[in-house]
Amino acid sequence: MVETNNGTNDVEDQPAFAVSGTTSSDEFSNTDGKELGYAMFASAVIGFISSFFPSLDTITLGSKITTIVLSSSVTCNCCCASDFKLIPVTRMYGALTLSMISTQFLLTFIYVYIVNVTIGGDMYEELYSEHHESFNWLFVYVLFVLEILTILFACLYAFKR
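Residues numbered from 1 in each chain as written. Predicted model: local features only at pLDDT ≥ 70, side-chain atom pairs only at ≥ 80, totals over all residues. Heavy atoms only, no water.

A. Local environment of the overall build of the chain. Within the chain, the secondary structure is distributed over 5 helices and 0 strands. Tracing the chain from N to C terminus, the helices and strands come up as α-α-α-α-α. Pairs at least 24 apart in sequence give 70% of the contacts found in the chain among residues at least 6 apart. Accessible area of the chain: about 10,400 Å², with a carbon and sulfur share of 67%. (Helix = DSSP H or I, 4+ residues; strand = E, 2+ residues; numbered from the N terminus. Contact = heavy atoms within 4.5 Å. Areas by Shrake-Rupley, 256 points an atom, 1.4 Å probe, with all protein chains shown as cover.)

Pasting the structure below:
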């Protein structure tokens, strides 16, 4: 503490110090969240590559959940990202990453529900008939496009500042 002339330690009597950095919401940081962006991009790429190997389903699921957690913490300004001053466009890339991978999960759960509950049992073989083959390929194509968009938006969040 700094003593004043009269010997008291009042806060009002202490000299004002300049605070390094500003806390204004008008200024944004270009480096906040870069490490989370790198991790989000890496987990999205690992999830995409491991999805081609059926024996790595656990790694695929874990990396996709990691991508969801990282992108939601950046988007919602919670946890470790609470003090980030992100540029609005950068935050938008995080939100788009979250929406793409969440849509993947939603479509996957809907597809699994359709296959296992509605069509399951004796009708399961009908899913792979000529009539339903186009539905399967359409589903795989949509998931592939969503996965590429997830990686793209995670890349834009991490590297385009």
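B. The nonpolar core, seen in detail. Among the nonpolar cores identified, the biggest contains 12 residues, and these are Leu36, Met40, Leu70, Val74, Phe84, Leu86, Tyr93, Met100, Leu146, Phe153, Ala154 and Tyr157. Looking at this core, the elements that each hand over two or more residues are helix 1 (34-50), helix 2 (57-76), helix 3 (88-118) and helix 5 (130-159). (Core = buried A, V, L, I, M, F, W, Y, C linked by side-chain atoms within 4.5 Å. Buried < 20%, exposed > 50% of the residue type's maximum accessible area, 1.4 Å probe, protein only.)

C. Focus on a nonpolar patch on the surface. Nonpolar side chains collect at one region of the surface, where Ile49, Phe52, Phe53, Leu138, Tyr141, Val142, Phe144, Val145 and Ile148 lie side by side and expose about 850 Å² of accessible area between them. Top contributing element to the nonpolar patch by residue count: helix 5, with 6 residues. Accessibility expressed as a relative area gives 54% for tyrosine 141, which makes it exposed. (Patch = residues over 30% accessible without salt bridge, like charges linked within 9 Å, V, L, I, M, F, W, Y side chains within 5 Å. Salt bridge = Lys/Arg side-chain N within 4 Å of Asp/Glu carboxyl O.)

D. Structural view of the packing of helix 1 against helix 2. In contact at an axis separation of 8 Å, helix 1 and helix 2 are set at 150° when each is read in the N-to-C sense. The orientation of helix 1 with respect to helix 2, classified from their angle, is roughly antiparallel. Seen along the crossing, helix 1 lies across helix 2 with a hand that is left-handed. Every residue of helix 2 that contacts helix 1 at Leu36, Ala39, Met40, Ser43, Ala44, Ile46, Gly47 and Ser50 is listed here: Ile59, Thr60, Ser63, Lys64, Thr66, Thr67, Leu70, Ser71, Ser73 and Val74. (Axes fitted to C-alpha atoms, helices over the stretch in contact; angles between N-to-C directions. Parallel < 35°, antiparallel > 145°, perpendicular 65-115°, else oblique. Left-handed = near helix turned anticlockwise from the far one by under 90°.)

E. Spotlight on helix 2. For helix 2, spanning 20 residues, the distance from its first C-alpha to its last is 28 Å, which sits close to the expected 28 Å at 1.5 Å a residue. Inspection of helix 2 places Thr60, Ser63, Lys64, Thr67, Leu70, Ser71, Ser73 and Val74 among the buried residues, and these make up the whole buried set. (Expected span 1.5 Å × (residues − 1).)

F. View of the packing of aromatic side chains. Inspection of the entire model under this criterion finds 6 aromatic pairs. When the ring of phenylalanine 41 is compared with that of phenylalanine 159, the centres are 5.5 Å apart and the planes differ by 85°; the resulting orientation is edge-to-face. Residue phenylalanine 41 is located in helix 1, and its partner phenylalanine 159 is located in helix 5; the two are separated by 118 residues in the primary sequence. Taking relative accessible area as the criterion, phenylalanine 159 reaches 47% and is therefore assigned partly exposed. Between tyrosine 111 and phenylalanine 139, the ring centres sit 4.1 Å apart and the planes meet at 10°, which makes this aromatic pair stacked. On the criterion of sequence distance, the pair formed by tyrosine 111 in helix 3 and phenylalanine 139 in helix 5 is long-range, its members being 28 residues apart. Here tyrosine 111 and phenylalanine 139 have matching classes, each one buried. An aromatic cluster of at least three residues, connected via ring pairs, comprises Tyr38, Phe41 and Phe159. (Phe/Tyr/Trp six-rings, centres within 6.5 Å; stacked < 30°, edge-to-face > 60°.)

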